[in-house]
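Architecture at a glance
Chain by chain, the residues:
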Amino acid sequence: MTRADRHGEMRATVRETYGPADLSAVPVFAGGFINFGYWRPEDLDGPPSVDDRIRSQQDLYRRVLDAAGPPAGGQLLEVGCGLGVGCALAVGEYGPARVTGMDIHPQQLDRARRANAGLLDGPGPERLRLVRGAAEEMPFGDGEFDCVYSVEAAQHFDDLERFAAETARVLRPGGRAAVTSFFAADPGAAPRLAELLDTFADGLDIARPPSELTGALTRSGLTGVGCESIGPSVWPGWDHWLSAQWKPGTWPRNFLRAWEQGLLDYYVITATRPEEVRPAGAGG
């Protein structure tokens with residue numbers, strides 16, 4: 001089975017949530033980014049506005065892109081691009097030659113094409129490309145990208161080993177990867193997370209510790225693997241935003257509770273593909 005053949009495989013909860021249910025249309029995800037946000041301390045001082053909410057989601061993209069350090073004029077790949085608004089941010093602020101947004105869900109890609117019609121159809125070089133594909137089976141050539149990044153999508157990936165191997169394969173030597181998402185404290189936290197949070201109970205989110213991804217990246221041959229908690233900049237702000245729409249005790253408010261109980265946290269994970277070592281005696 002080819003990479004192109006396999007990219008349509010989705011769990012039922014993923015297919016529904018990002019297809020007919022259209023999570024991007026839910027008011028808590030104003031702006032279409034579909035992430036929990038990276039919040040500033042002052043955001044907690046009063047009721048957050050929709051502009052604050054959108055900026056928090058943009059800032060989460062900036063946080064992961066800054067961690068990746070994509071080179072100006074480089075080729076960037078976002079895995080799990082959703083509506084592609086994060087890709088557009090990268091195009092506008094980080095000076096790449098092109099950003100490729102990849103998503104497994106065809107309905108998400110249809111929405112992304114509508115949301116980014118001006119950028120896709122504009123004059124000049126193709127700076128944004130949208131492609132269907134799975135994190136575990138990327139439809140790209142070896143060494144095609146200077147940077148691979150993913151924002152709040154890894155909690156859905158079926159196989160972190162395959163994602164890591166594919167990331168290592170499509171990165172050029174010296175290329176960087178950066179992933180941000182939420183992870184369980186340890187495998188034993190899964191039953192409690194399923195009790196607290198509907199998305200873990202129904203299988204939309206998979207409860208895995210960050211060591212599963214850092215270990216997979218290391219085994220793929222990537223080096224300098226780093227893992228940093230950014231939970232203090234995510235969970236209080238996310239709950240503060242939710243408080244205007246969800247009452248205490250409702251399941252979405254339990255994300256903060258799970259973090260406070262040490263069951264769940266939010267991380268930025270980075271890695272580098274080593275430069276190729278030239279054999280001894282090679283000319284050039």
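Computed from a predicted model, the values in this text were never measured in an experiment. (Residues numbered from 1 in each chain as written. Predicted model: local features only at pLDDT ≥ 70, side-chain atom pairs only at ≥ 80, totals over all residues. Heavy atoms only, no water.)

With that settled, consider the packing of helix α7 (residues 160-170) against helix α10 (residues 210-219). At a minimum axis distance of 8 Å, the contact between α7 and α10 shows a crossing angle of 40°. Taken together, the axes of α7 and α10 lie oblique to each other. Note on packing geometry: the crossing formed by α7 with α10 is right-handed. Residues Leu160, Glu161, Phe163 and Ala164 of α7 lie in contact with α10, whose contacting residues are Glu212, Leu213, Ala216, Leu217 and Arg219. Grouping the constituent residues of the contact of α7 with α10 by class yields six nonpolar, no polar and three charged. (Axes fitted to C-alpha atoms, helices over the stretch in contact; angles between N-to-C directions. Helix = DSSP H or I, 4+ residues; strand = E, 2+ residues; numbered from the N terminus. Parallel < 35°, antiparallel > 145°, perpendicular 65-115°, else oblique. Left-handed = near helix turned anticlockwise from the far one by under 90°. Contact = heavy atoms within 4.5 Å. Nonpolar A, V, L, I, M, F, W, Y, C, P; charged D, E, K, R; others polar.)

All told, the structure shown has 18 aromatic pairs when counted by the stated rule. The interplanar angle of 10° and the centroid separation of 5.3 Å between the aromatic rings of Phe36 and Phe182 together place this pair among those described as stacked. Remark: Phe182 occurs in strand β5 (residues 171-184) and Phe36 occurs in the loop between α2 (12-17) and α3 (50-68); sequence separation between them is 146 residues. Summarising the burial analysis for this pair, Phe36 and Phe182 share the class buried. Ring centres of Trp235 and Phe255 lie 5.9 Å apart, and the angle between their planes is 10°; on these two criteria the pair is classed as stacked. A residue pair is termed long-range when its members are at least 10 positions apart, and Trp235 in helix α11 (residues 235-242) and Phe255 in helix α12 (residues 254-260) qualify at 20 residues. Ring pairs connect the aromatic residues Phe29, Phe36, Phe182, Phe200, Trp235, Trp238, Trp251, Phe255 and Tyr266, which therefore count as one cluster. (Phe/Tyr/Trp six-rings, centres within 6.5 Å; stacked < 30°, edge-to-face > 60°. Buried < 20%, exposed > 50% of the residue type's maximum accessible area, 1.4 Å probe, protein only.)

Right, let's get into unusual backbone geometry. Notably, Asp22 is not glycine yet its phi reads approximately 50°, a positive angle. Taking relative accessible area as the criterion, Asp22 reaches 16% and is therefore assigned buried. Even without a glycine there, the phi angle at Glu152 is positive, about 50°. If you trace the backbone, Glu152 turns up in the loop between β4 (145-151) and α7.

The next subject is the pattern of salt bridges. Applying the stated criterion across every chain yields a total of 20 salt bridges. The residue Glu144 makes a salt bridge to Arg129 at a minimum N-O spacing of 3.1 Å. Within this pair, whereas Glu144 is found in the loop between β3 (128-132) and β4, its partner Arg129 is found in strand β3, the two being separated by 15 residues in sequence. A residue is classified by how much of its surface remains accessible, and Glu144, at 28% relative accessible area, is partly exposed. Note that Arg169 is salt-bridged to Asp142, the shortest N-O span being 2.8 Å. Of this pair, Arg169 sits in helix α7 while Asp142 sits in the loop between β3 and β4, and the two are 27 residues apart along the sequence. Owing to a relative accessible area of 15%, Arg169 belongs among the buried residues under this scheme. Beyond isolated ion pairs, a larger network of salt bridges with shared partners links Arg40, Asp43, Asp52, Arg55, Asp59, Arg62 and Glu93. (Salt bridge = Lys/Arg side-chain N within 4 Å of Asp/Glu carboxyl O.)

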